[in-house]
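Overview (structure and organization)
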Amino acid sequence: MRVGFFEFGLFPPGSPRGIRFAPRQGVTRRTNNRLAVYTGSIVLMLLGIKDLQADEDLGVKQQLRLLQQQNDALQEQLRRQQTLIESLTRKVDQIESTTTRSGRELQDLAGEVKEAPKSKTFTFGNVSLSGEGGVALFETGSRGTFPNAEFRIDEAKLFVEAPIWKDVYFYTELNLATREQGDVSLHVGELYLDFENVSRVWKQDRVLGLRIGRIDIPFGEEYLTRDAIDNPLISHSLVDMWGVDEGLELYGWLGKVSYVAAIQNGGLSDVNDFDADKSVTARVGFDPTRWLHASLSGMRTGQLDGNGDPWSALWFGNGFIRPLGAATKFHAELVEGDLSFRLPRGHVSLSGGYVHYDDNEPGVDNQRDVYYYSVEVVHELTHKLYAAVRFSQVFANDGFPILGNGQFGEYFFGYPTPAKLTEEIWRLSLGLGYRWGENLLTKAEYTFERGKVLGGERREHEDLFALEAAFKF
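Below you will find a few notes about this structure. (Residues numbered from 1 in each chain as written. Predicted model: local features only at pLDDT ≥ 70, side-chain atom pairs only at ≥ 80, totals over all residues. Heavy atoms only, no water.)

**So, a nonpolar patch on the surface**
A surface patch of nonpolar side chains, amounting to about 940 Å² of accessible area, comprises Phe122, Phe124, Val127, Val135, Ile153, Val184, Trp436, Leu440, Phe471 and Phe473. Position of Trp436 relative to the elements: it lies in strand β21 (residues 422-437). (Patch = residues over 30% accessible without salt bridge, like charges linked within 9 Å, V, L, I, M, F, W, Y side chains within 5 Å. Areas by Shrake-Rupley, 256 points an atom, 1.4 Å probe, with all protein chains shown as cover. Salt bridge = Lys/Arg side-chain N within 4 Å of Asp/Glu carboxyl O. Helix = DSSP H or I, 4+ residues; strand = E, 2+ residues; numbered from the N terminus.)

See below:
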């Protein structure tokens, strides 16, 4: 019997009984052949695996090179995108660095030029219509402007804008009511043709623009935010420089510097100019960073005719610059500096200036030097609720017509007796505001006002309490 490579059998008779182990014939040769086949197969398999491994290594290397090339291409694309983002960011910063006016002031950070009102507009073909206003309750002390707790339409304005030709636009402001008007009827505010980006003719963007018509007097910066929806408080500063006058205005930007310059009639009359000498105003703004804005303004009213133009077009101290005594010609020169810090949750604004007045009254020296300043702080208590504080003060050692919250007949006209000229006056305004949305703002304010006139008499009982709801559309 065979088992494996061995043969099992019985010993011959007579032999001791047991098992005989005998190697099979040919086992060694066949075994060696099989071993050779097995060994060769293994070698071929190993060689195949090695070749396959080499092919795989080559494929992996090619894939790695392809991935590296793709990665390099993506890196280059990201680098270009980052460069583009940085370029766009710089441009946005430049645009933001010339923004302070809501409404038509194209001020970007500096507030030097007017833009279309920020409120959503209704359009009729190419004509856009928008508006803003405020309804309020005012009450002052017994010697103030509102001694009887008056409900008032504080402000109601319509804005109309329409393209004329290419970069030429028509714009007008129609005042249905303002705090300064003695009636509720239609008055024209600004009305002009705006030739935007004239400098594009010589391939310079935003360097020069031109307006012709009835234009805001571009002195100082408070007038940029004095509308009810833009003003964080209800009252204004004591000097409250603003005005509208017919003339011509140039504006533009040179990098971080912005400018506006205007030549205007100078007098209050809307239809005539009674003296050939014109008013000249200029303001230069500078925005070195996104959070800092500074500007310097200068103005001369030009010679004004005391008979035809008894008041200047420039509003001053809640009244106007007017002649003192029996002068037939009068004028004033003004200069003001403004500084604004934009904070994460509010702002701090500072301003200060000087007024020099003179006239031609025979035998009388009516020269006056008036100094003033204002500080405003606004802080957001929540996303919608904010607190605001403003302190302003005026000094006029020889006295000057400054109305403030007082009564016209006492501190400006002075009829039938001469008006009381104010020597020194200050105002502290404290307010809270709540923005319900972009188009609706409610405000409450209490203002303390104290001063004295020439001769030492105190100005009192002129404090103001006010509530207002301001809106735009």
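**So, the pattern of salt bridges**
Two side chains with opposite charge may pair up if their charged atoms get near one another. Scanning all chains against the criterion turns up 25 salt bridges. Between Asp194 and Arg211 there is a salt bridge, with its nearest N and O atoms 3.2 Å apart. Here the residue Asp194 occupies a position in strand β8 (residues 187-195), and Arg211 occupies one in strand β9 (residues 209-216), the gap between them amounting to 17 residues. As far as the burial class goes, Asp194 and Arg211 line up, both buried. (Buried < 20%, exposed > 50% of the residue type's maximum accessible area, 1.4 Å probe, protein only.)

**Re unusual backbone geometry**
In the Ramachandran plot, Asp240 falls in the positive-phi region, its phi being about 45 degrees despite a non-glycine side chain. With respect to the helices, strands and loops of the structure, Asp240 is situated in the loop between β9 and β10 (244-254). Of the residues examined, Asp240 reaches a relative accessible area of 3% and is grouped as buried. You will see that Asn318, though not glycine, has its phi angle at about 70 degrees, which is positive.

**Remarks on the nonpolar core**
Within the largest apolar cluster, 25 residues are counted, with the highest numbers of intra-cluster contacts made by Met241, Phe316, Ile321, Leu334, Val355 and Val394. Of all the secondary-structure elements, those providing two or more residues to this core are β17 (329-343), β18 (346-359), β19 (368-380) and β20 (385-400). Counting eight residues, the second-largest nonpolar core is a separate cluster that includes Ala228, Leu233, Leu441 and Ala470. (Core = buried A, V, L, I, M, F, W, Y, C linked by side-chain atoms within 4.5 Å.)

**Here's the deal with the pairing of strand β6 (residues 150-165)**
Alignment of strand β5 (residues 127-140) against β6, held across 11 bridges, turns out to be antiparallel. Following the sheet pairing, Gly133 is matched in β6 by Ala156. Both β6 and strand β7 (residues 168-177) contribute to a ladder of nine bridges, which runs antiparallel. Across the sheet, Pro163 pairs through a bridge with Tyr169, a residue of β7. Counting the residues that bridge the hairpin from β6 to β7 gives two residues, and of these Lys166 lies at a positive phi of roughly 50 degrees. (Pairing = 2+ DSSP bridges.)

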